[in-house]
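What the coordinates show
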Amino acid sequence: MHISEPRINDRIRVPEVRLVGPNGEQVGIVRVEDALRLAAEADLDLVEVAPEARPPVAKLMDFGKYKYETAMKARESRKNQVNTVIKEIKLRPKIDDHDYGTKKGHVVRFLKGGDKVKVTIMFRGREQSRPELGFRLLQRLAEDVAELGFVESAPRQDGRNMVMVLGPTKKKTVVRQEKRREAERTKGGEGTATTQDGTAAAPADDETVGATPGTDVPSTQTEQV
């Protein structure tokens with residue numbers, strides 16, 4: 001939603017205003033001509049900050065500086081915006097140890113990156129009559145990655161599937177800060193910057209880059225492996 005800029009200086013066309021000084025002091029109700037004169041004498045702008053008031057409230061300020069500081073605050077807010085990315089791992093209830101290890105490795109990497117992981121057990125045919133197999137597998141996985149994540153959503157049946165959501169013990173903002181510090185330490189050195197666990201900082205081939213920061217509302221994306 002676009003918010004128009006406040007009226008300033010000669011654009012304020014009312015007989016009088018309730019004037020606020022540059023340091024927040026209440027000057028009182030004055031004629032707009034006198035308010036403009038005070039602004040000119042102080043080399044400041046007269047800015048209408050509450051147009052709906054009777055009379056309108058206007059403040060003496062450096063409007064250019066105010067706009068710059070407001071823009072910088074908005075930029076910092078966008079920079080600190082955290083986008084929630086949910087990774088998804090799909091398993092079969094009778095998965096072999098090798099494949100299980102591979103899938104668990106993905107879960108470990110995602111949790112280390114501060115992302116949530118949705119784990120889906122897919123049942124086929126007669127497997128649907130053995131939901132306890134999926135439940136035990138999800139329990140095993142949760143125990144294996146307990147140092148990095150916790151069960152945010154307990155295993156539940158979802159049609160032919162069983163689903164569990166794991167949350168990271170480290171927030172994404174903390175992970176980003178750690179990566180930023182690591183990048184600063186390795187900046188100027190030779191080779192590719194690495195994360196704390198020794199892996200390359202670039203995304204792996206089977207992982208899609210997450211959401212782009214800058215939106216006002218955190219977005220949620222689901223990525224499958």
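Owing to the predicted nature of the structure, the values given are computational and were not obtained by experimental measurement. (Residues numbered from 1 in each chain as written. Predicted model: local features only at pLDDT ≥ 70, side-chain atom pairs only at ≥ 80, totals over all residues. Heavy atoms only, no water.)

So, on to the nonpolar core. By size, the foremost hydrophobic cluster in this structure holds 19 residues, and its most contacted members are Leu-91, Val-107, Val-117, Val-119, Ile-121, Leu-141 and Leu-166. Contributions of two or more residues to this core are made by strand E5 (84-91), helix H3 (97-112), strand E6 (116-122), helix H4 (131-144) and strand E8 (161-168). Here Leu-166 is in contact with Val-107, Leu-111, Lys-116, Val-117, Val-119, Ala-142, Val-145, Phe-150, Val-151 and Glu-152, once residues within four sequence places are set aside. In this structure, Val-14, Val-17, Ala-39 and Ala-58 belong to the second largest nonpolar core, which totals 11 residues. (Core = buried A, V, L, I, M, F, W, Y, C linked by side-chain atoms within 4.5 Å. Buried < 20%, exposed > 50% of the residue type's maximum accessible area, 1.4 Å probe, protein only. Helix = DSSP H or I, 4+ residues; strand = E, 2+ residues; numbered from the N terminus. Contact = heavy atoms within 4.5 Å.)

Another point: the environment of Lys-172. Relative to the assigned elements, Lys-172 resides in helix H5 (residues 172-186). Once the C-alpha coordinates of Lys-172 and Gly-113 are considered, the two residues, 59 residues apart in sequence, prove to be 6.8 Å apart.

Of all five residues making up strand E4 (residues 57-61), four are buried, and the element is well covered by its neighbours. Direction of pairing for strand E1 (residues 16-20) relative to E4: parallel, over a ladder of three bridges. By the bridge assignment, Val-20 is partnered in E4 with Lys-59. For strand E3 (residues 45-50) and E4, the ladder comprises five bridges, and the chain directions are antiparallel. The residue bridging Val-47 from the neighbouring strand is Lys-59, located in E4. What sits between the antiparallel neighbours E3 and E4 is a turn of six residues. (Pairing = 2+ DSSP bridges.)

This structure, assessed with the given rule, holds one aromatic pair. For the ring pair Phe-63 and Tyr-66, a centre distance of 6.0 Å and an interplane angle of 25° mean the geometry is stacked. A residue pair is termed a helical-turn pair when its members lie 3 or 4 positions apart in one helix, as Phe-63 and Tyr-66 do in helix H2 (residues 63-79) at three residues. Overall, Tyr-66 belongs to the partly exposed group, its relative accessible area being 41%. Its guanidinium or amino end placed over the ring of Tyr-100, Arg-140 lies 3.8 Å from that ring's centre, counting from NZ or CZ. (Phe/Tyr/Trp six-rings, centres within 6.5 Å; stacked < 30°, edge-to-face > 60°. Lys NZ or Arg CZ within 6 Å of the ring centre and 35° of its normal.)

With that settled, consider unusual backbone geometry. Both trends apply: most residues other than glycine have a negative phi, and most peptide bonds are in trans. Omega for the peptide link from Arg-54 to Pro-55 comes to -5°, which places this bond in the cis form. In this model, Asn-9 sits at a positive phi of 50°, which is unusual for a non-glycine residue. For Asn-9, the position within the fold is in the segment before E1. Of the residues examined, Asn-9 reaches a relative accessible area of 21% and is grouped as partly exposed. A positive phi angle, near 55°, is found at Asp-43, a position not held by glycine. Among the secondary structure elements, Asp-43 is positioned in the loop between helix H1 (32-41) and E3. We classify Asp-43 as exposed; its relative accessible area is 70%.

Between its terminal C-alpha atoms H5 stretches 21 Å, which fits the 21 Å expected from 15 residues at 1.5 Å a residue. The set of residues buried in H5 consists of Lys-172, Val-175, Glu-178 and Glu-182. Angular distribution of buried residues about the axis of H5 spans 125°; they occupy a single face of the element. Summarising the contacts, the buried residues of H5 are in contact with H3. (Expected span 1.5 Å × (residues − 1). Arc of directions from axis to C-beta.)

This part takes up the sheet that holds E4. The strand order across the open sheet formed by four strands is E2-E1-E4-E3, and the pairing between neighbours is mixed. Sheet topology places strand E2 (26-31) and E3 at the edges, where each strand pairs with a single neighbour. Shown here is a sheet whose adjacent strand axes are inclined to one another by a mean of 35°, direction ignored. Packing against the sheet, H1 makes contact with E1, E2, E3 and E4, and its axis sits at approximately 125° to E2. (Axes fitted to C-alpha atoms, helices over the stretch in contact; angles between N-to-C directions.)

Moving on, we get to the confidence of the model for the protein. With 80% of its residues at a pLDDT of 70 or more, the protein has an overall mean of 82. With pLDDT under 50 throughout, residues 192-219 is counted as low confidence; its partners more than four residues away or in other chains account for 44 contacts. (pLDDT = per-residue confidence, 0-100.)

With that settled, the discussion passes to the pattern of salt bridges. With the rule as written, the count across this model stands at 10 salt bridges. Of the charged contacts, one joins Arg-7 and Glu-48 as a salt bridge, the two residues approaching to 2.7 Å between their closest N and O atoms. A residue pair is termed long-range when its members are at least 10 positions apart, and Arg-7 in the segment before E1 and Glu-48 in strand E3 qualify at 41 residues. Arg-7 gets classed as partly exposed once you look at its relative accessible area, which sits at 31%. Taking the relative accessible area as the measure of exposure, Glu-48 reaches 4% and is therefore buried. Here the salt bridges share partners, and the residues they tie into one network are Arg-31, Asp-34, Arg-37 and Glu-41. (Salt bridge = Lys/Arg side-chain N within 4 Å of Asp/Glu carboxyl O.)

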